[in-house]
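Each chain, letter by letter, is given below.
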Amino acid sequence: MNPQELLEQKGKFRMTVFEEEYFQGKSCEFTFECQNILDRDFRKIRSIKVENGPWVGYEYPEFQGQQFILEKGDYPCYQAWSGNSSYRTEHMLSFRPIKCANHSDSKITLYECEDFMGRKFEMCDDYPSLQAMGWCSKEVPSIKVNSGAWVGYQFPGYRGYQYIYERDRHEGEYRCYNEYGTQAHTNQIQSMRRIQQ
């Protein structure tokens with residue numbers, strides 16, 4: 001990136017992380033990814049303020065483990081980012097910006113079999129229940145992101161494990177569920193929404 005692009009990028013993404021809940025303890029502002037907060041002499045991240053851009057946080061260093069979507073706003077404790085997740089982690093150790101999010105221009109295609117085989121369904125809107133909109137299964141074996149960025153949830157109502165799908169990662173192609181993330185143990189996806197800019 002040239003200096004001008006770096007400057008523009010810096011304004012698009014900004015978040016401050018805190019070592020303790022409710023914005024207490026050591027803090028640091030980030031405008032780029034962090035592969036391991038431990039390298040910054042933090043023990044963990046327990047609260048976050050996102051000023052600009054969507055981010056994805058990870059349970060472990062090197063973008064591993066459970067994923068958590070972080071959109072503009074305050075996250076005073078882990079319950080704020082894990083939401084109604086059936087799996088809760090009290091800390092976050094790595095994070096990165098989601099650069100391709102475009103809420104007004106997002107399109108994703110779901111497939112009933114791995115490798116983009118079988119029946120497919122294209123979506124351009126948020127769905128709190130995929131089954132209510134006509135998807136006949138609790139599972140989504142493969143996904144192709146045509147544009148934008150999306151978050152899929154294990155259960156209806158945007159609950160359970162979170163999986164981030166981006167056009168600029170994997171070329172937007174997720175051929176089987178183990179490409180959804182390092183914590184993906186199933187292809188169960190029952191609600192999806194576009195990621196806010």
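Below is a short write-up of the structure. (Residues numbered from 1 in each chain as written. Predicted model: local features only at pLDDT ≥ 70, side-chain atom pairs only at ≥ 80, totals over all residues. Heavy atoms only, no water.)

### A short note on the overall build of the protein
Link 1 in the chain: Assigned secondary structure in the protein consists of 2 helices and 14 strands.
Link 2 in the chain: Against the globule reference of 16 Å for 197 residues, the protein gives a C-alpha radius of gyration of 17 Å, in line with a compact fold.
Link 3 in the chain: Reported as C-alpha extents along the three principal axes, the dimensions of the protein are approximately 50 × 40 × 25 Å.
Link 4 in the chain: A separation threshold of at least 6 residues defines the contact pool for the protein, and within that pool the share at least 24 residues apart is 67%.
Link 5 in the chain: Accessible surface, the protein: about 9,200 Å² in total, of which carbon and sulfur atoms supply 44%. (Helix = DSSP H or I, 4+ residues; strand = E, 2+ residues; numbered from the N terminus. Rg over C-alpha atoms; globule rule 2.2 N^0.38 Å. Contact = heavy atoms within 4.5 Å. Areas by Shrake-Rupley, 256 points an atom, 1.4 Å probe, with all protein chains shown as cover.)

### Describing the sheet that holds strand β10 (residues 142-147)
Link 1 in the chain: Strand order in the open sheet formed by 4 strands is β9-β8-β10-β13, and the pairing between neighbours is antiparallel. On the outer flanks of this sheet lie β9 (117-123) and β13 (173-174), each paired with one strand and no other.
Link 2 in the chain: Summarising the sheet, strand β8 (residues 107-113) and β10 pair through 5 bridges and their orientation is antiparallel. Looking at the pairing, I108 lines up with V145 of β10. (Pairing = 2+ DSSP bridges.)

### Quick look at the side chain of T16
Link 1 in the chain: Along the chain, the position of T16 falls in strand β1 (residues 14-20).
Link 2 in the chain: Among the residues examined, T16 registers a relative accessible area of 13% and is labelled buried.
Link 3 in the chain: One polar contact links T16 to E51, side chain to side chain, over a distance of 3.3 Å.
Link 4 in the chain: Each residue touching T16, except ones within four places of it in the same chain, is listed here: S27, C28, E29, S47, I48, K49 and E51. (Buried < 20%, exposed > 50% of the residue type's maximum accessible area, 1.4 Å probe, protein only. Polar contact = N/O pair within 3.5 Å; in protein donor to acceptor, adjacent residues only side chain to side chain.)

### Side note on the environment of I189
Link 1 in the chain: With respect to the helices, strands and loops of the structure, I189 is situated in the loop between β13 and β14 (191-194).
Link 2 in the chain: Classification of I189 as buried rests on a relative accessible area of 0%.
Link 3 in the chain: Considering only alpha carbons, one finds I189 and D74, 115 residues apart in sequence, at a separation of 26 Å.
Link 4 in the chain: Residues within four places of I189 in sequence aside, it is in contact with L130, K138, E139, V140, G152, Y153, Q154, Y163, Y165 and Y180.

### With respect to the sheet that holds β1
Link 1 in the chain: Strand order in the open sheet formed by 4 strands is β2-β1-β3-β6, with antiparallel pairing between adjacent strands. Two strands bound the open sheet, and with one partner strand each, they are β2 (24-30) and β6 (73-75). When the angles between neighbouring strand axes are averaged without regard to direction, this sheet yields 15°.
Link 2 in the chain: Strand direction decides the pairing type here: strand β3 (residues 47-52) and β6, joined by 3 bridges, are antiparallel. Directly across from I48, in β6, lies its bridge partner Y75. (Axes fitted to C-alpha atoms, helices over the stretch in contact; angles between N-to-C directions.)

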